[in-house]
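Inside the fold
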Amino acid sequence: MGDRESFGHYIAVRRKHMRMTQEDMAEKIGVSKSAIAKWEVDGGLPDRDNLKRLAEVINVSVDDLHRVIDHAELEDADLKVNITPEVIATLESYGYKVIRPNGRED
């Protein structure tokens, strides 16, 4: 998967690879075409039952889908922490040791 792709992109690629339209996929899963469209643009995730049916339809494991979902959510998370000097002072007043971004403990 190189640059990790989103869940929506992943299922869209799998669907197209299997030469299915969104309508075909929706019919096989038992959801509306708009549900498939929403999933493919990362507008939401299928519930547990639909995730299981989706995995069967695109011939992957539910675990594979969970890995794609988990990684996409991790990439979407903002891992940069922006802590103000006031927050640092408060933490330090409670005895916490704060390591600054430059690696120095102040």
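Residues numbered from 1 in each chain as written. Predicted model: local features only at pLDDT ≥ 70, side-chain atom pairs only at ≥ 80, totals over all residues. Heavy atoms only, no water.

**A look at the environment of Ile88**
Relative to the helices and strands, Ile88 is located in helix α6 (residues 85-93). As for Ile88 and Val98, which are separated by ten residues in sequence, their C-alpha atoms are 6.9 Å apart. (Helix = DSSP H or I, 4+ residues; strand = E, 2+ residues; numbered from the N terminus.)

**Examining the side chain of Gln22**
With respect to the helices and strands, the residue Gln22 is situated in helix α2 (residues 22-29). Other than its neighbours up to four places away in sequence, Gln22 contacts Arg15, Lys33, Ile36, Ala37 and Glu40. (Contact = heavy atoms within 4.5 Å.)

**Remarks on a nonpolar patch on the surface**
Among the surface-exposed residues, Val87, Leu91, Tyr94 and Tyr96 lie close enough to one another that they form a single nonpolar patch of about 440 Å² accessible area. Given the relative accessible area of 55%, Tyr96 is considered exposed. (Patch = residues over 30% accessible without salt bridge, like charges linked within 9 Å, V, L, I, M, F, W, Y side chains within 5 Å. Areas by Shrake-Rupley, 256 points an atom, 1.4 Å probe, with all protein chains shown as cover. Salt bridge = Lys/Arg side-chain N within 4 Å of Asp/Glu carboxyl O. Buried < 20%, exposed > 50% of the residue type's maximum accessible area, 1.4 Å probe, protein only.)

**Side note on the packing of α2 against helix α3 (residues 33-40)**
In a packed pair of helices, the relevant descriptors are the angle between the two axes and the axis-to-axis distance. Two elements in contact, α2 and α3, have axes whose closest approach is 8 Å; the angle formed by their N-to-C orientations is 110 degrees. Taken together, the axis directions place α2 and α3 in an arrangement best described as roughly perpendicular. Residue-level inspection shows Gln22, Glu23, Met25, Ala26 and Ile29 of α2 in contact with α3, the latter providing Lys33, Ile36, Ala37, Trp39 and Glu40. Classifying every residue of the contact of α2 with α3 gives six nonpolar, one polar and three charged. (Axes fitted to C-alpha atoms, helices over the stretch in contact; angles between N-to-C directions. Parallel < 35°, antiparallel > 145°, perpendicular 65-115°, else oblique. Nonpolar A, V, L, I, M, F, W, Y, C, P; charged D, E, K, R; others polar.)

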